[in-house]
Amino acid sequence: MVNRTGGPRSFRLSEAVLRALSEVSGRRGPDEAGRADQEVVRGVLRLSRLFTRERDSLAASYLDDDRLRLAYLSYYVPVNLAKVRLLLEEMPPPQGAGSSQPFLVLDLGSGPGSASLALLDWFTDRLGLGNRPLQAIAMDRSQRALRDCADLWRAYERIAPVQSASLLTLQADLERTARLDRMAKREDRPYDLIVVSHALNELFRKAREPVERRVELVRDLLGRLDRHGTLLIVEPALRETARELHRFRDRLVADGACTVYSPCLHERPCPALVKEEDWCHEERPWTPPPVVAALDREVGFIKDALKFAYLILRKDGKSLVRRAPDVYRAVSELRVMKGEKRAWLCNETGRPEVGRLDRERSATNEAFDDWHRGAIVRIDQIVRAQRKDREATVGRIPASANIEVIRSI
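All of these numbers come straight from a predicted model, not from anything done at the bench.

Taken as a whole and assessed by the stated rule, the structure comprises 10 aromatic pairs. Here Tyr62 and Tyr72 contribute two aromatic rings whose centre-to-centre distance is 6.3 Å and whose plane-to-plane angle is 55°, an arrangement assigned as tilted. Of this pair, Tyr62 sits in the loop between helix H2 (38-51) and helix H3 (66-90) while Tyr72 is found in helix H3, placing the two residues 10 residues apart along the sequence. You'll find Tyr62 and Tyr72 in the same group, each marked buried.

Right, let's get into the layout of surface pockets. To find the voids left in a structure, one rolls a probe of water-molecule size over its atoms. When its volume is computed, the largest pocket comes out at roughly 590 Å³. Contributing to the lining of the largest pocket are 25 residues, with Tyr76, Lys83, Pro236, Lys303 and Lys307 lying nearest its centre. Looking at the lining of the largest pocket, the elements with two or more residues in it are H2, H3 and strand S8 (305-314). Among the elements that line the lining of the largest pocket, the one with the most residues is H3, at six residues. Tallied by class, residues from the lining of the largest pocket come to 14 nonpolar, six polar and five charged. Approximately 480 Å³ is the volume found for the second largest pocket. Considering the residues around the second largest pocket, the lining is formed by 29 residues, among which Ala60, Tyr62, Arg141, Ala199 and Glu202 are closest to the centre. Going through the elements one at a time, H3 and helix H4 (114-125) are the ones with two or more residues in the lining of the second largest pocket. The class makeup of the residues in the lining of the second largest pocket is 13 nonpolar, eight polar and eight charged.

Attention now goes to the packing of H3 against H4. Relative orientation of the contacting elements H3 and H4 amounts to 45°, with a least axis distance of 8 Å. Classified by the angle their axes make, H3 and H4 are oblique. Note that H3 runs across H4; the crossing there is right-handed. Residue-level inspection shows Tyr76, Val77, Asn80, Leu81, Val84, Arg85, Leu88 and Glu89 of H3 in contact with H4, the latter providing Ser114, Ala115, Leu117, Ala118, Leu119, Asp121, Trp122 and Asp125. A breakdown of the residues in the contact of H3 with H4 according to their chemical character gives 10 nonpolar, two polar and four charged.

Right, let's talk about the pattern of salt bridges for a bit. A full pass over the atoms with the stated rule returns 40 salt bridges. Glu89 is paired through a salt bridge with Arg85; the nearest N and O atoms lie 2.8 Å apart. Here Glu89 and its partner Arg85 are both found in helix H3, four residues apart, which amounts to about one turn of the helix. With a relative accessible area of 35%, Glu89 lands in the partly exposed category. Asp151 is paired through a salt bridge with Arg154; the nearest N and O atoms lie 2.6 Å apart. Here Asp151 and its partner Arg154 are both found in helix H6 (residues 143-159), three residues apart, which amounts to about one turn of the helix. Several salt bridges converge on common partners, so that one network encompasses Arg335, Glu340, Arg342, Glu353 and Arg396.

Attention now goes to the environment of Asp192. You can see Asp192 is positioned in strand S4 (residues 191-197). Take Asp192: its relative accessible area is 13%, and that puts it in the buried class. Taking C-alpha positions, Asp192 is 4.5 Å from Gly229, a pair spaced 37 residues apart along the chain. Once residues lying within four places of it in the same chain are set aside, the contact partners of Asp192 are Pro102, Phe103, Leu104, Arg132, Leu225, Asp226, Gly229 and Thr230. Here Arg189 takes part through its side chain, which lies 3.3 Å from a polar atom of the side chain of Asp192.

With that out of the way, let us pick up the packing of H4 against H6. Between two packed helices, what matters for the description is the angle formed by their axes and the separation of those axes. Between H4 and H6, the least distance of the axes is 9 Å, while the angle of their chain directions is 20°. Comparing the axis directions of H4 and H6 gives the class roughly parallel. H6 is crossed by H4, and the crossing has right-handed handedness. Mapping the contact onto sequence places Ser116, Leu117, Leu120, Asp121 and Thr124 in H4 and Cys149, Leu152, Trp153, Tyr156 and Glu157 in H6. Looking at the contact of H4 with H6, its residues break down into six nonpolar, two polar and two charged.

Glancing now at empty space enclosed by the protein. By the definition in use, this model includes three cavities of 30 Å³ or more. As for the largest cavity, its lining consists of 20 residues, and the residues nearest its centre are His246, Pro263, Cys264, Cys270 and Cys280. Partitioning the lining of the largest cavity into residue classes produces 13 nonpolar, three polar and four charged.

Each α-helix turn comprises 3.6 residues. Residues three or four places apart therefore point the same way. End to end, H3 covers 35 Å across 25 residues, agreeing with the expected 36 Å (1.5 Å per residue, within 8%). The sharpest bend along H3 reaches about 40° and sits at Tyr72. Of the residues flanking the start of H3, the one acting as N-cap is Asp65, its side-chain oxygen 2.9 Å from the backbone nitrogen of Arg67.

The next point concerns the side chain of Glu353. Within the secondary structure layout, Glu353 lies in strand S12 (residues 353-357). A polar atom in the side chain of Glu353 sits 2.7 Å from the side chain of Arg335. When neighbours within four sequence positions are excluded, Glu353 is seen to be in contact with Arg335, Arg342, Ala343, Trp344, Arg384, Thr393, Val394 and Gly395.

This brings us to H6. Relative to the 24 Å expected for 17 residues at 1.5 Å per residue, H6 spans 25 Å between its end C-alpha atoms, a close match to the ideal helical length. Here H6 has its buried residues at Ala145, Leu146, Asp148, Cys149, Ala150, Leu152, Trp153, Ala155 and Tyr156. Each element contacted by the buried residues of H6 is listed here: helix H1 (15-24), H3, H4, strand S2 (134-140) and strand S3 (165-171).

Quick notes on the rules
Residues numbered from 1 in each chain as written. Predicted model: local features only at pLDDT ≥ 70, side-chain atom pairs only at ≥ 80, totals over all residues. Heavy atoms only, no water. Phe/Tyr/Trp six-rings, centres within 6.5 Å; stacked < 30°, edge-to-face > 60°. Helix = DSSP H or I, 4+ residues; strand = E, 2+ residues; numbered from the N terminus. Buried < 20%, exposed > 50% of the residue type's maximum accessible area, 1.4 Å probe, protein only. 1 Å grid on protein atoms, 1.4 Å probe; cavity = no way out; pocket = protein on both sides within 12 Å on 5 of 7 lines; lining within 4 Å. Points joined across faces, edges and corners; volume = space filled by probe spheres on them. Nonpolar A, V, L, I, M, F, W, Y, C, P; charged D, E, K, R; others polar. Axes fitted to C-alpha atoms, helices over the stretch in contact; angles between N-to-C directions. Parallel < 35°, antiparallel > 145°, perpendicular 65-115°, else oblique. Left-handed = near helix turned anticlockwise from the far one by under 90°. Contact = heavy atoms within 4.5 Å. Salt bridge = Lys/Arg side-chain N within 4 Å of Asp/Glu carboxyl O. Polar contact = N/O pair within 3.5 Å; in protein donor to acceptor, adjacent residues only side chain to side chain. Expected span 1.5 Å × (residues − 1). Bend = angle between axes of the 7 residues up to and from the residue.

Right under this line is the structure:
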């Protein structure tokens, strides 16, 4: 969705989701003065340090700690849920409307159910995917987190008009790939959707080759995916975790295990890996629920946008838009400079920086002003002037160029 200025609309969680979260977390929202519960504040601060500066101290069992669990439910579940909910709308429409065959989903590394609840909300909003029943399996190493996942699912079912949806929780150590065989034996057919949300970066962290181990795991998952199914991976927008995801993507694509539906517009090596300081991530506006807004005020965070790195992978070759050398994805916001605006783009030709001088603004290129991170655009002219023995580093958009925003997000 876009607003009238051309940018994406601010995303809001549904009322049913907010009520389910409030019920399971113990209704620990802001007080009358708008202040957050101080125990939750301390837990959010601790989790933030563990997820960023102190990643080496992040224990696999952190969701079994009651204080951290409550903080995660209050803050990180709604934030991560919103990311998955947005991306479910971006993936290809499921096939088989009207079929009695269940839409089978695996939420791998589910934690307390951010992705599972997003899935149930999406399923309900889609009016049951054309009357297909939903069967979801949530898998995690923490039994306590799985109980929260089941509680959130049941709370949502009491609140919203859910049609034929079921959840199975399964405890297993995700680093022991052989244990995944238990899932394969659960059904006699492959999954329509597999979601790995904010879990991949926490796996195999102590292994000698963590990226290689993750590649092996996802190859296994792709083998369990329907030919027309979708594998959705969401990771934090940190430089370290995003660049690991880029390397991970390159390995899978080079092996021919899958193609990228989104966000990439090509299967060539990721150009964000060329320079050590680069990485690619999304930034989408949202309206945080009151509990998240209150916690942001207390801890000094700013969550007016959802930031994450992601991959939507397929085995049938589908892509979000038709690819072409003149079609690009904006991988930065517009930077307003003296006399011009600039942005970084990405497609099969690389990761060029382009700019338009203010004096070159015209009726045919004015769509440049609507660019934002994640937008997919078409440009028929980018001029690179020759400077002595080298080409200019910034491509220029002339007044005669035609620019079209193909997809806002």
